[in-house]
Amino acid sequence: METFFRAIIVFIAGYIFLRVTGKKAVAQMHTFDLLYILVLTNIISTPVEVGNIGKSIIYATITVILYKILVRLSLHNKLRWLLYESPTVLIHNGDIDRQGLKKVRMPMNELLSQLRVKGYIDTQNIAIAVMESTGNISVIPKSEHRPVQPNDLNLKVSKTYLPIPLIMDSQIVYHNLKYLKLDRDWLYNELEKMGEKVENIILATYLENGTLFIDNNAIIEHKSDPYYYKPGRDN
């Protein structure tokens, strides 16, 4: 039981420390971010094997404080260039920068693969491609090859509306109902009109026109319609 509780304490402490640090995806992490994660995980995992939980939490707290100080210092321009790597140009005006590829140690086939993932198959159509300090590649196409924008055609478009989830995984999202100044009775009445039940709904969203879109567990059979083909043996 002691080992069990020790693991729980370590897990909770590690979760709290990471929440204090803030949200970042792995792709957004810089060098000192990854170093911080490695050091912190090593510190908080030690008590699982030995009994120094108190010392481990103290060391982890110091590590978190040092990391927060580094993050704060990185907001200053003079120190930012010491903590963060500079972006590296890989393609400029359709020409591949060999020195840039050499600097980031990226072979040509990997560059082409990364471009294909982003929807670009011809390097000549790219105005600039840059590897950011996080390791992601940013691609800006030449003006004649970028997607047409409504402004290019002098079109007026409506504001983008974000459908608001009211039910997710058969559970009512009450704070969204409150935001819309609606209640559970209204939701149940709407579901009853549509012949639906909360427990059968994967996702229900509130649309711009005040109606509900519902995705339930029912799967519609399309009888070999090629437009609804699904890859795999279960098609």
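Peer 1: Could you give an account of the overall build of the protein chain, with specific residues and numbers?
Peer 2: Each helix and strand counted, the protein chain has 8 helices and 8 strands in total. Split into buried and exposed, the 235 residues of the protein chain put 25% on the buried side. A total accessible area of about 18000 Å² is found for the protein chain, and carbon and sulfur atoms account for 57% of it.

Peer 1: Run through the environment of Met108, naming residues and quoting values.
Peer 2: Among the secondary structure elements, Met108 is positioned in helix α6 (residues 108-117). For Met108, a relative accessible area of 31% puts it in the partly exposed group. Put simply, Met108 and Arg98 are 10 residues apart on the chain and 9.2 Å apart in space, counted from C-alpha to C-alpha. Contacts of Met108, omitting those with residues within four sequence positions, involve Ile96 and Leu101.

Peer 1: So, the environment of Asn125: which residues are in play, and what are the values?
Peer 2: Tracing the backbone through its elements, the reader meets Asn125 in the loop between α6 and β3 (126-131). When the C-alpha positions of Asn125 and Gly94 are compared, they lie 6.0 Å apart, and in sequence the two are 31 residues distant. Beyond its immediate sequence surroundings of up to four residues, Asn125 is in contact with Pro141, Lys142 and His145.

Peer 1: Residue-level account of the pattern of salt bridges, with values.
Peer 2: Summed over all chains, the structure comprises 2 salt bridges. Residues Asp152 and Arg146 are paired through a salt bridge, measuring 3.1 Å at the closest nitrogen-oxygen approach. Among the ionic pairs, Lys193 bridges to Glu190, the shortest N-O distance being 3.4 Å. Residue Lys193 and its partner Glu190 are both found in helix α8 (residues 184-193); the two are separated by 3 residues, about one turn of the helix.

Peer 1: Hey, could you go over the sheet that holds strand β8 (residues 212-216) for me, with residue numbers and the actual values?
Peer 2: If you trace the 4 strands from one edge of the open sheet to the other, you get β6-β5-β7-β8, paired in antiparallel fashion. Edge positions in the sheet fall to β6 (171-172) and β8, since each of these pairs with one other strand and no more. Where strand β5 (residues 164-168) and strand β7 (residues 201-206) come together, 4 bridges link them in antiparallel fashion. If you follow Pro165 over to β7, its bridge partner there is Thr205. The strands touched by α8 are β5, β6, β7 and β8; relative to β8, the strand with the most contacts, the crossing angle is about 65 degrees.

Peer 1: Help me get a handle on helix α3 (residues 53-73), residues and values and all.
Peer 2: Under the 1.5 Å per step criterion, the end-to-end length of α3 is 30 Å for 21 residues, consistent within 8% with the ideal 30 Å. Inspection of α3 places Ile53, Ser56, Ala60, Thr63, Val64 and Tyr67 among the buried residues, and these make up the whole buried set. In an axial view of α3, the angular spread of the buried residues amounts to 100 degrees, which keeps them on one side of the axis. Away from its buried face, by an angle of more than 90 degrees, α3 presents the exposed residues Lys55, Leu66 and Arg72.

Peer 1: Would you mind going over the side chain of Thr88 in detail, with residue names and values included?
Peer 2: The topology assignment puts Thr88 in strand β1 (residues 88-92). The contact partners of Thr88, leaving out residues within four places of it in the chain, are Gly100, Lys103, Val104, Ala129, Val130 and Met131.

Peer 1: Now, about the environment of Leu112: what can you tell me, with residues and values included?
Peer 2: Mapped onto the elements, Leu112 comes out in helix α6. Since its relative accessible area comes to 32%, Leu112 is described here as partly exposed.

Peer 1: I'd like a description of the sheet that holds β1, backed by residues and values.
Peer 2: The 4 strands lie next to each other as β2-β1-β3-β4, forming an open sheet whose pairing is antiparallel. Two strands bound the open sheet, and with one partner strand each, they are β2 (95-96) and β4 (137-141). Relative to β3, β1 runs antiparallel, the two being bridged by 4 bridges. Residue pairing for β3: Thr88 is matched across the bridge by Met131.

About the criteria used
Residues numbered from 1 in each chain as written. Predicted model: local features only at pLDDT ≥ 70, side-chain atom pairs only at ≥ 80, totals over all residues. Heavy atoms only, no water. Helix = DSSP H or I, 4+ residues; strand = E, 2+ residues; numbered from the N terminus. Buried < 20%, exposed > 50% of the residue type's maximum accessible area, 1.4 Å probe, protein only. Areas by Shrake-Rupley, 256 points an atom, 1.4 Å probe, with all protein chains shown as cover. Contact = heavy atoms within 4.5 Å. Salt bridge = Lys/Arg side-chain N within 4 Å of Asp/Glu carboxyl O. Pairing = 2+ DSSP bridges. Axes fitted to C-alpha atoms, helices over the stretch in contact; angles between N-to-C directions. Expected span 1.5 Å × (residues − 1). Arc of directions from axis to C-beta.

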